[in-house]
Amino acid sequence: MDITTLGGPLPQCGVGVVAPFDFALDRELWRWVPDEVSLHITRTPFVPVEVSLDMARLISEHETLRAAVSALQEVEPRTLAYACTSGSFVAGLAGEQAMCAQMSSASGGLPAVTTSGALLEALADLRVRRLAVITPYTRSVTDSLADFLHQVGIEVTGREYLGLTRKIWAVPYRDVVEMARHVTLGGAEALFISCTNLPTYDVIPQLEAELRMPVLSANQVTMWAALRRIGVKPVGDYQALIDPQARVAAVPPPPVESGAASPAAPAELASDVPSDLPYDLP
């Protein structure tokens, strides 16, 4: 067979990802990406600082973002993602929005998203107002995430953290599951697992089945939001954010009062339905 008759490769469909210098989970990001999409990942310059609020500020400086985006331009991505939770919430909501503006400006107008901004979009899509949070961070970094969420009216019903400052990518699933079981006892509507350096892909379906609530993770929401901007659906069976059947299963129906009609089963939420949360969907 003469392969020249096939007309050549398909046009490039790529997501440009800016990640911190210590990011170690390239392989996990790819698991949410369908075959027709490529990831082009560049890292921020190394700085000899442990995971902390200081590190978060260093890796989210606008000059650093613009340089990273410039390095991605040669491969012509269709959208940009900043894959770091702490780096995108450390300066609050205004800081997160400024980061997106800087990335878009440096790329000549490409749509851009950060992990923390993607989390807000996911919460809006799921209509979540009460959120439990687990992190690998120290207390101060975890508290900063809670402050960011409070800015947009999200109640943090509980939080747990591991207190790590390095090698977060080595945390086993059992530690994540144990924290999740404890922190979701306070009336949460969903659980967020923070940090793009924390492995989560395989643990999400198990936790959703056990906890009966949507489980979001940093890498999951980042890829979901980035792909959304180019009209591509991510891969993620049995994850409520992505899979309509999992979404229905993860949200238990409200209790029925005596004499009241049975409630209808929850339906998939369309991405174009306006949110009543205090922030807007893109």
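Our subject is the structure that appears above.
Residues numbered from 1 in each chain as written. Predicted model: local features only at pLDDT ≥ 70, side-chain atom pairs only at ≥ 80, totals over all residues. Heavy atoms only, no water.

Peer 1: Help me understand the packing of helix H3 (residues 62-72) against helix H5 (residues 92-106) in this model?
Peer 2: Two numbers describe how H3 lies on H5: the axes approach to 9 Å, and their chain directions differ by 35 degrees. Once H3 is placed against H5, the crossing between them reads as right-handed. Two secondary-structure elements touch here, H3 through His-62, Leu-65, Arg-66 and Val-69 and H5 through Ala-98, Met-99, Gln-102, Met-103, Ser-105 and Ala-106. Residue composition of the contact of H3 with H5, grouped by class: 6 nonpolar, 3 polar and 1 charged. (Axes fitted to C-alpha atoms, helices over the stretch in contact; angles between N-to-C directions. Helix = DSSP H or I, 4+ residues; strand = E, 2+ residues; numbered from the N terminus. Left-handed = near helix turned anticlockwise from the far one by under 90°. Contact = heavy atoms within 4.5 Å. Nonpolar A, V, L, I, M, F, W, Y, C, P; charged D, E, K, R; others polar.)

Peer 1: What is the right way to read the nonpolar core from this model?
Peer 2: If you look at soluble globular proteins, the nonpolar side chains tend to sit buried side by side. Counting residues in hydrophobic clusters, the biggest one holds 89 residues, and the most contacted among them are Val-15, Leu-131, Leu-149, Leu-191, Ile-193, Leu-207 and Leu-216. The element that contributes the greatest number of residues to this core is helix H10 (residues 218-228), accounting for 7 residues. Once residues lying within four places of it in the same chain are set aside, the contact partners of Ile-193 are Ile-134, Val-176, Leu-198, Thr-200, Val-203, Leu-207, Val-215, Leu-216, Ser-217 and Ala-218. (Core = buried A, V, L, I, M, F, W, Y, C linked by side-chain atoms within 4.5 Å. Buried < 20%, exposed > 50% of the residue type's maximum accessible area, 1.4 Å probe, protein only.)

Peer 1: Help me understand helix H9 (residues 203-211), please; the structure alone is not making it clear to me.
Peer 2: Structural remark: α-helix, 3.6 residues per turn; residues separated by three or four positions point the same way. Looking only at H9, the buried set comprises Val-203, Ile-204, Leu-207, Glu-208 and Leu-211. Buried residues along H9 cover an arc of 125 degrees about the axis, so they all sit on one side. Taken together, the buried residues of H9 touch helix H8 (173-183), strand S7 (190-193), strand S8 (215-217), H10 and helix H11 (244-250). Once H9 ends, the next one or two residues include Arg-212, with phi positive near 55 degrees. (Arc of directions from axis to C-beta.)

Peer 1: Sorry, what's going on with the sheet that holds strand S4 (residues 112-114) here?
Peer 2: Across a sheet, strands are paired by hydrogen bonds formed along the backbone, either parallel or antiparallel in direction. Strand order in this open sheet of 4 strands is S2-S1-S3-S4, and the pairing throughout is parallel. With one partner strand each, in any of the chains shown, strand S2 (38-43) and S4 form the two edges of the open sheet. Neighbour-to-neighbour, the strand axes of this sheet turn through a mean angle of 20 degrees, independent of strand direction. Across 3 bridges, the pairing between strand S3 (residues 79-82) and S4 is parallel. Pairing of Leu-80 across the sheet is with Ala-112, part of S4. Packed on one face of the sheet, H10 meets strand S1 (14-19), S2, S3 and S4 and runs near 160 degrees to S3. (Pairing = 2+ DSSP bridges.)

No statement about biological role is implied by the geometric values presented.
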